[in-house]
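# Coordinates in review
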Amino acid sequence: MKFEDLLLEIGGFGRFQILILAVLCLLRINLPMHFLLHNFLAATPSHHCAIPHQEAFVNLTMEEVLLISIPRKPDGTFSSCEMFSQPQFHLLLNSSLQPENKSIIQHCQHGWVYDHSQFISTISTQWDLVCEQRGLNQATATFFFIGVTMGAMVFGYLSDRFGRKTMLQVSLVCSVGFGMLSAASVSYTMLAITRTLTGVALSGLSLIVLPLGMEWVDVQHRTFTGILTSIFWSVGNMLLALAAYLVREWHWLLVAVTGPCLLSIICLWWVPESARWLIAKGKVKQAHRHLLRCARINGRKDFAVSPELFLYFLLSQTLTRMAADRNMGRNYSYISLFRTPVMRKISLCSGMVWFGVAFSYYGMSMNLTGFGLSIYVSQFVFGVIEIPAKMVMYVLVNRVGRRQSQAWTLILTGLCIGANVVIPKPFTSLRSVVAIMAKGFSEAAFTTVYLYTSELYPTILRQNGMGYTSFMARLGGALAPLMFLLDEVWRSLPEVTYCGVAVCSGAVAFLLPETLNLRLPEGIEDVE
């Protein structure tokens, strides 16, 4: 008798599972509000060097003041990072003239003036993270994802040891605390530290929500569960665009996106611990109590397994597995992911796939300009396009399988990103369509990888496996924003890098085993 057989006895997929998924989906909305917050938190508005003694030019218009004070770039726009050491009044007579003496051009000496028409304030305007300090601005996202990377390893291990629900509660409480501290930051250093810690805390939420939901549903509804929870990531994506549009000041924007975690803490009290995890840990009475509750809510009042019979079920299910696993080493850790041949292959390949998925996804999600749309509309449209992509994946993963879906969505993501490298900039409409297609394929790849990975690892190592793959994903997410700095080497180098990584990781996905319509493995020997 397997756990899936027990689930069928207590209703399979009934009102109890629907209520659990409803709460977990609400929790998942919190994630993109922080993971993609960098688009607005660190947005850099138009700016130019502050001009000293500007009051001396009262007889000149602002355009004329800029003309004599700021050099022009080859495209005719004013430089953001350079100024003339002395006013060039002769340019008023012929603005097309370019100074022959380059020594009169210098870096900004008196700070910057920013365009506040779109943002009241961002961290870029707060601490002048532009020009030579541009790297620090991009590093803010990297610090956050470094935190998520560290948290993935920590929460993956702890949730396998202390339970899914317990660590989910810890994750939410810490997210609220560090999120509010980020909003109160008085220096860039304080913001970098608190955003890193927020990333550590939110990684638990990212890591645990889907496996907890998957462990409460039957085989037939696993795909539906994965797609449903993923759709609420897209809902959070769209809500972020709305919140950023309404709140243009970065301190209050952080408060606005952190507040929903408080509601999530309250809702989580109703969600039970994973019965699969309780059985794997030998906590028979607690698992029995939760299963009886599930049967009652699902209307299966005839289900009344005694604790003694339930204990017999537990022993018959796990005795062989425990004996086999003891020969491999009874203390499960991340090392167990690489100890046996099949597990080793799965872990190496899934790690590379997760890196490629996250690297390309965040590379596109944090590049909202250059498509002829406002930053708010781009964010909203990128969120909207994810929903039909997930709907299509609901059909595809059940028709063509997990492996084919994972591989081809990644490869097509890379090809779309590569196409925009060769499409000329003036073709904004075409570039927007291709970018939206790339975003759709990328989200389809992300949706599939969460579902696929949950099915690849056995119950006793599932959270360790999710922790490891999440580590690889966050490594990709941490490196993705730094790729934008490569545009100083070659303008298209960031996009070419995202394209190459996506295609290569898609090819690696063909090496993973198919899991369509297979039972979730309980022990390592089930995988081997």
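Thresholds applied
- Residues numbered from 1 in each chain as written.
- Predicted model: local features only at pLDDT ≥ 70, side-chain atom pairs only at ≥ 80, totals over all residues.
- Heavy atoms only, no water.
- Salt bridge = Lys/Arg side-chain N within 4 Å of Asp/Glu carboxyl O.
- Buried < 20%, exposed > 50% of the residue type's maximum accessible area, 1.4 Å probe, protein only.
- Helix = DSSP H or I, 4+ residues; strand = E, 2+ residues; numbered from the N terminus.
- Contact = heavy atoms within 4.5 Å.
- Axes fitted to C-alpha atoms, helices over the stretch in contact; angles between N-to-C directions.
- Parallel < 35°, antiparallel > 145°, perpendicular 65-115°, else oblique.
- Left-handed = near helix turned anticlockwise from the far one by under 90°.
- Nonpolar A, V, L, I, M, F, W, Y, C, P; charged D, E, K, R; others polar.
- 1 Å grid on protein atoms, 1.4 Å probe; cavity = no way out; pocket = protein on both sides within 12 Å on 5 of 7 lines; lining within 4 Å.
- Points joined across faces, edges and corners; volume = space filled by probe spheres on them.
- Domains from an automatic or database assignment.
- Core = buried A, V, L, I, M, F, W, Y, C linked by side-chain atoms within 4.5 Å.
- pLDDT = per-residue confidence, 0-100.

What follows deals with the pattern of salt bridges. Here the structure, examined in full by the defined rule, presents seven salt bridges. Here R164 and D160 are joined by a salt bridge, their closest N and O atoms 2.7 Å apart. No difference in accessibility class separates R164 from D160, as the two residues are buried. The salt bridge involving E455 is made with R402; its shortest N-O contact spans 2.9 Å. Residue E455 is found in helix α19 (residues 428-456), and its partner R402 is found in helix α18 (residues 402-422); the two are separated by 53 residues along the sequence. A single salt-bridge network, built from bridges that share partners, covers D160, R164 and E215.

Considering the arrangement of structural elements, one finds F119 in the loop between β4 (112-114) and α6 (123-127). Expressed as a C-alpha distance, the spacing of F119 and E82, which sit 37 residues apart in the sequence, is 23 Å. In this view, F119 contacts F40, A43, P45, R248, I375 and Y376; residues no more than four positions away in its chain are not counted.

What follows deals with the packing of helix α10 (residues 222-246) against α19. Two numbers describe how α10 lies on α19: the axes approach to 10 Å, and their chain directions differ by 135°. Accordingly, the angle class assigned to the pair α10 and α19 is oblique. In the crossing of α10 with α19, the sense of the turn from one axis to the other is right-handed. Of α19, the residues touching α10 (which contributes R222, T223, I227, S230, W233 and N237) are K439, E443, T447, L451 and E455. Residues of the contact of α10 with α19, tallied by class, amount to three nonpolar, four polar and four charged.

Counted according to the given criterion, the structure contains seven cavities of 30 Å³ or more. Its boundaries defined by the atoms lining it, the largest cavity holds a volume of some 80 Å³. Together, R28, S230, W233, Y362, K390, E443, F446, T447, Y450 and R474 line the largest cavity. At four residues, α19 tops the list of elements feeding residues into the lining of the largest cavity. Here the lining of the largest cavity is built from residues that sort into four nonpolar, two polar and four charged. Mapping the lining of the largest cavity onto the domain boundaries places at least three of its residues in each of domain 1 (1-37 + 125-320) and domain 3 (335-527).

Before going further, it helps to spend a moment on the nonpolar core. By size, the foremost hydrophobic cluster in this structure holds 122 residues, and its most contacted members are L27, F35, L168, W216, Y362 and F446. Ranked by residues supplied to this core, first place goes to helix α16 (residues 341-365) with 12 residues. Residue assignment places this core across two domains, with domain 1 (1-37 + 125-320) and domain 3 (335-527) each supplying three or more.

Moving on: the confidence of the model for the protein. On average, residues of the protein score 85 in pLDDT, and 92% of them reach the 70 mark or higher. Looking over the protein, one finds the lowest element-wise mean pLDDT in helix α15 (residues 307-328), namely 50, and the highest in helix α11 (residues 250-258), namely 96. Note that residues 322-329 has pLDDT below 50 and, in this model, 13 contacts with residues that lie over four places away or in other chains.

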